[in-house]
There are 2 protein chains.
Amino acid sequence: MPAESGVTIYQVAARAGVGIATVSRALRGSGPVSRRSREKVERAVRELGFRPSQLGVSLARGKHAANGIVFPDLSGPYYAEVVIGYEETASRLGRSVLICSTRGRDDIGATVLGFASRVDGLVILGHDVDDTTIAAVLAARLPTVLLARPAVGTADTLNTENRRSAKALAEHLISHGHRALRFVGDPARAPDVRERYAGLRAGLRAHGLPCRAPLRCALTDEAGRYAVHELLKSERPDALVCANDEVALGALQAAAEVGLRVPADVAVTGWDDVMAARHTGLTTVRQPMRDLGAKAAAALDELISGVRITPRHDVLPTEPIIRRTCGPH
Amino acid sequence: MPAESGVTIYQVAARAGVGIATVSRALRGSGPVSRRSREKVERAVRELGFRPSQLGVSLARGKHAANGIVFPDLSGPYYAEVVIGYEETASRLGRSVLICSTRGRDDIGATVLGFASRVDGLVILGHDVDDTTIAAVLAARLPTVLLARPAVGTADTLNTENRRSAKALAEHLISHGHRALRFVGDPARAPDVRERYAGLRAGLRAHGLPCRAPLRCALTDEAGRYAVHELLKSERPDALVCANDEVALGALQAAAEVGLRVPADVAVTGWDDVMAARHTGLTTVRQPMRDLGAKAAAALDELISGVRITPRHDVLPTEPIIRRTCGPH
DNA sequence: TTGTAGGCGTTATCAT
DNA sequence: ATGATAACGCCTACAA
């Protein structure tokens, strides 16, 4: 006795004194139904509290009428915003949204494959799902959109711009007199981080400045705090260009702990523009996260409905947000 | 051509030279199968890349093997954390998770009812869904858990403690010499806020102090900022007890704008312990949000599997987190 | 305009 | 141990 009232289309038909086909047509508007029949059906539906079983509908149609989204986590505003944008658009397009977090899972491949068998299309967010698994999903002919992740096979791809904004950020810092810019984060761990680091390097190079090796750490405030704290014991960079806001927030804490003023003694920048960034005056780069989700839903819809068959690869622009932590106004 | 490979159990049976019943049994382990048959089936499955259609399985079993969760939004860490906790536990219990945001929707009732017909059980988070709709869901005999929301009918209920912690917070402020405590937020808009306000009043009353009317505003940083900014033009409370962290963050901004120091000139407290709270030194109250989601999933599982039939109403404890903004350590 | 019948892909019963 | 066969609830030619 799942969701549906338990009432079947047969009972409605019986009560209305018509055939099930008429009930179906009346409900879906999928064929001619006399005014009289329609009214009888509507009344029977009301009296019985009939709600069509999604299971029946889906099986008959061969469609789940549901899309999936796979993401690494929902803590931290980044992914959550994407999911919200996705849900908003998907539901407007009449599709339910199934979620699947890979957080702390050991069998990601199998999980995603199972998940894929419950949806008409899939969005995969981030790089927790390996290429092999994605290839398998594509082999099952499941429409797929990859988000914030390098391309695989024929899947659509949707990314946000990293390099250009990172370079702009670096040049902004340089123009304010900063010279020793140090990147905080691990380029090896994520393509996005790699590109941000590349942008920083490009900015430095353009001004004939050297670039030190990145200060590697995980993308959490605690990791950033620890790494930067250790760093500041022995070195004094002009600016800390952090891989994301959380790391930057950790860096701010570390600076405070060792008695350094921001931005007077050291500048700090992040990436994402999370809420905490606004409230700490953190200079950062804003990504259109909700848009990203919405665009993914729209792209997936095109793929599922067959309106488009050739893959598309989009890159959404990002925008540096200059605040207090990167220097005098 | 949804997720599943397109291969059916009949093709597998044919290839393996057995009946479909044997294939089903072999795959599910739901009955005796000879070693020999099992091997033939396994090989056929592998060769054909067979994956059972969830639609077929669900229809035959009369179960969606999926739970739903309805929430107001995912921006802001509160709901996102709950959803994560929920997904984690639900998926461990072998159930997929469907999400439904009510954000910016006009037809919430209809949306939720439609949503309900796609799941075996439902968690409803917050008070965006009205009692009538919930009653309708319950009438459809759908197992339901209400989260952070007053009880309705026979649904399970799971809440976090508000009043006691609010009172404790008030008494902490009072013990630090604060007298003119002002509540910021609108008790009329949410039961949680109402209880937090009640707790504040109780704390003041216990010390023979008067309690002013709440400074009403929406639960966003912008609303809090504006309301407090206006307030501080004409009044000088000792402490601002905010309905949640976002409002409190807005209050911090407002205080800074009018040149007031926190906590020297005015203390500020929030509620939720979001990331930004940690990084601004905001005194707040921590709620076990992920736990809340996990417990909801577990409760729902009991209801769905029929292990328990009588409703349960739990209240999870909360914990004041004393930081910088409420006064000298 | 309407109803009958077949099909969607499983599971599960029940003879064998 | 195994395989027909009947559900499951709906949609949709097709025939009337």
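Per an unreviewed UniProt entry, chain A goes by the name LacI family transcriptional regulator and belongs to Virgisporangium aurantiacum.

Draft legend 1. The arrangement of the overall build of chain A in detail. Helix and strand counts for chain A come out as 13 helices and eleven strands. Computed over its C-alpha atoms, the radius of gyration of chain A comes to 26 Å, more than 25% above the 20 Å expected for a compact globule of 329 residues. Referenced to the eigenvectors of the C-alpha coordinate spread, the extents of chain A come out at roughly 85 × 35 × 35 Å. Relative to its full complement of 329 residues, chain A shows a buried share of 55%. With the model as given, the accessible surface of chain A reaches about 13,800 Å², and the carbon-plus-sulfur share is 52%. Distance between charge centres in chain A, computed from 43 positive and 36 negative side chains, equals 6 Å.

Draft legend 2. Here's a closer look at the protein's contact with DNA strand C. Close to DNA strand C lie 29 residues, the nearest being G19, S34 and S37 of chain A together with S24 and R28 of chain B. Per the 4 Å cut-off to the protein, sugar and phosphate atoms form 60% of the nearby atoms of DNA strand C. The separation between a phosphate oxygen of DNA strand C and a polar main-chain atom of I9 of chain B is 2.8 Å. Elements with a contribution of two residues or more to the surface near DNA strand C: α2 (20-28) and α4 (54-61) of chain A together with α1 (9-16), α2 (20-28) and α4 (54-61) of chain B.

Draft legend 3. Broad picture of the UniProt feature "domain: HTH lacI-type" (unreviewed entry) in chain A. Mapped onto the present numbering, the UniProt feature "domain: HTH lacI-type" (unreviewed entry) falls on residues 7-61 of chain A. Span residues 7-61 of chain A is 71% helix and 0% strand, its end C-alpha atoms 20 Å apart.

Draft legend 4. Up close: the protein's contact with DNA strand D. Every one of the 26 residues lining DNA strand D counts as a neighbour, but I9 and R28 of chain A together with T22, P32 and S37 of chain B are closest to it. Counting only atoms of DNA strand D within 4 Å of the protein, the sugar-phosphate share comes to 59%. Residue R25 of chain B places a side-chain N or O atom 2.9 Å away from a base nitrogen belonging to DNA strand D. Broken down by secondary-structure element, the contributors of at least two residues to the surface near DNA strand D are α1 (9-16), α2 and α4 of chain A together with α2 and α4 of chain B. For the surface near DNA strand D, a count of residues per class yields 16 nonpolar, eight polar and two charged.

Draft legend 5. Structural detail: the interface of chain A and chain B. Across the contact, 56 residues belong to chain A and 56 residues belong to chain B. Here chain A meets chain B over a buried area of about 4,800 Å², counting both sides, of which 59% is carbon and sulfur. It is L55, R118 and H279 of chain A that lose the most area in chain A upon contact with chain B, and together they represent 13% of the buried surface on that side. Remark: the boundary between chain A and chain B carries six salt bridges. The shortest N-O distance in the salt bridge between R103 of chain A and E88 of chain B comes to 3.3 Å. The interface formed by chain A and chain B includes 22 residue pairs in polar contact (both at pLDDT 80 or more). Among the elements of the structure, α4, β1 (66-71), α5 (77-92), β2 (96-101), α6 (108-116), α11 (245-257) and α12 (275-280) of chain A are those that each provide at least two residues to the side of chain A that touches chain B. When its residues are assigned to classes, the side of chain A that touches chain B shows 25 nonpolar, 15 polar and 16 charged. Inspection of the sheet shows β2 of chain A paired to strand β2 (residues 96-101) of chain B by three bridges, in the antiparallel sense.

Reading guide: rules and limits
Residues numbered from 1 in each chain as written. Chains lettered and ligands numbered in written order. Predicted model: local features only at pLDDT ≥ 70, side-chain atom pairs only at ≥ 80, totals over all residues. Heavy atoms only, no water. Helix = DSSP H or I, 4+ residues; strand = E, 2+ residues; numbered from the N terminus. Rg over C-alpha atoms; globule rule 2.2 N^0.38 Å. Buried < 20%, exposed > 50% of the residue type's maximum accessible area, 1.4 Å probe, protein only. Areas by Shrake-Rupley, 256 points an atom, 1.4 Å probe, with all protein chains shown as cover. Lys, Arg positive; Asp, Glu negative; His and termini not counted. Charge placed at Lys NZ, Arg CZ, Asp CG, Glu CD. Near = heavy atom within 4 Å. Polar contact = N/O pair within 3.5 Å; in protein donor to acceptor, adjacent residues only side chain to side chain. UniProt positions renumbered as here; feature names shortened; annotations may be inferred. Nonpolar A, V, L, I, M, F, W, Y, C, P; charged D, E, K, R; others polar. Contact = heavy atoms within 4.5 Å. Buried area = accessible area lost by both parts, 1.4 Å probe. Salt bridge = Lys/Arg side-chain N within 4 Å of Asp/Glu carboxyl O. Pairing = 2+ DSSP bridges.

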